[in-house]
Amino acid sequence: MREQRMDALRGRSVTDGAAASPTADQRPAREDGLGSRAHIRATIERARAAIHSARDRTTSSRAALAHSDALVGASEQMLQQSLALRAQLRASVTAYARHLRADGEPPQRMLVLVKSAMREATPPELDPYDARALMEDVVRWSIEAYYHAA
């Protein structure tokens, strides 16, 4: 009895103590709404389109990643070449400064000669900031080499 009252409060009809459910013939027809065949087809079509889009984006992302990896590899190779050339330049400047000292050139004259050689060798298309930074390094290397040779 208590269950019947609770079902009645919940809006359920009670027949012989059990809740009645509508049969397929009694259900309202849904043509395009949630739960209809058309809605299921539309949802599946959207899912299919999303899957294809995700696959296309994955393929594009993989291609972009491969291109990026190639660029990173090329950049790393260029960096290694740049470091090797910088080491060669330092060795050359060091040898030049030591030769000048051995020839009896004073430090001021050594600096003038080193800077002159750098200006002649520096390509004009080199960024002025980079050229100045390189010149500072060359001056420092030449001073270190000149006084280290003593």
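Residues numbered from 1 in each chain as written. Predicted model: local features only at pLDDT ≥ 70, side-chain atom pairs only at ≥ 80, totals over all residues. Heavy atoms only, no water.

Some words on the overall build of the chain
When helices and strands are tallied, the chain shows 4 helices and 2 strands. Listing every helix and strand of the chain by position from the N terminus yields α-β-β-α-α-α. Expressed as a percentage of its 150 residues, the buried residues of the chain come to 11%. Taking the contacts inside the chain whose residues are at least 6 apart along the sequence as the reference set, 59% of them involve residues at least 24 apart. Carbon and sulfur atoms form 56% of the exposed surface of the chain, whose accessible area is close to 12,200 Å². (Helix = DSSP H or I, 4+ residues; strand = E, 2+ residues; numbered from the N terminus. Buried < 20%, exposed > 50% of the residue type's maximum accessible area, 1.4 Å probe, protein only. Contact = heavy atoms within 4.5 Å. Areas by Shrake-Rupley, 256 points an atom, 1.4 Å probe, with all protein chains shown as cover.)

Describing the confidence of the model for the chain
With 78% of its residues at a pLDDT of 70 or more, the chain has an overall mean of 86. Predicted confidence for residues 13-19 stays below pLDDT 50, and this span has 8 contacts to residues more than four positions away or in other chains. (pLDDT = per-residue confidence, 0-100.)

Comments concerning the packing of helix 3 (residues 107-121) against helix 4 (residues 128-148)
The contact between helix 3 and helix 4 brings their axes to 10 Å, and the two run at 145°. For the crossing formed where helix 3 meets helix 4, the hand is right-handed. Between helix 3, through Pro107, Met110, Leu111, Val114, Lys115, Met118 and Arg119, and helix 4, the contact on the second element is made entirely by Leu134, Met135, Val138, Val139, Ser142, Ile143, Tyr146 and Tyr147. (Axes fitted to C-alpha atoms, helices over the stretch in contact; angles between N-to-C directions. Left-handed = near helix turned anticlockwise from the far one by under 90°.)

Comments concerning the side chain of Ser36
Mapped onto the elements of the fold, Ser36 is located in the loop between strand 2 (18-19) and helix 2 (37-102). At 2.7 Å, the side chain of Ser36 and the backbone oxygen of Gly33 are in polar contact. (Polar contact = N/O pair within 3.5 Å; in protein donor to acceptor, adjacent residues only side chain to side chain.)

A look at the pattern of salt bridges
A full pass over the atoms with the stated rule returns 6 salt bridges. As a salt-bridge pair, Arg140 and Glu144 come within 4.0 Å of each other at their nearest N and O atoms. A residue pair is termed a helical-turn pair when its members lie 3 or 4 positions apart in one helix, as Arg140 and Glu144 do in helix 4 at 4 residues. By sharing partners, the salt bridges in this structure join Arg86, Arg90, Asp137, Arg140 and Glu144 into a single network. (Salt bridge = Lys/Arg side-chain N within 4 Å of Asp/Glu carboxyl O.)

Overview of the environment of Val139
Position of Val139 among the secondary structure elements: in helix 4. Given a relative accessible area of 16%, Val139 falls into the buried group. Through-space distance from the C-alpha of Val139 to that of Val114 is 7.4 Å; in sequence the pair is 25 residues apart. In this structure Val139 touches Leu111 and Lys115, once residues within four positions along its chain are discounted.

Description of the packing of aromatic side chains
Going through the model one piece at a time under the given rule, you end up with 1 aromatic pair. Seen in terms of ring centroids, Tyr146 and Tyr147 are 5.2 Å apart; in terms of plane orientation they differ by 80°. Their pairing is edge-to-face. Exposure remark for Tyr146: the relative accessible area of 5% places this residue in the buried category. Between Arg101 and the ring centre of Tyr146, over which it is positioned, the NZ or CZ distance is 5.0 Å. (Phe/Tyr/Trp six-rings, centres within 6.5 Å; stacked < 30°, edge-to-face > 60°. Lys NZ or Arg CZ within 6 Å of the ring centre and 35° of its normal.)

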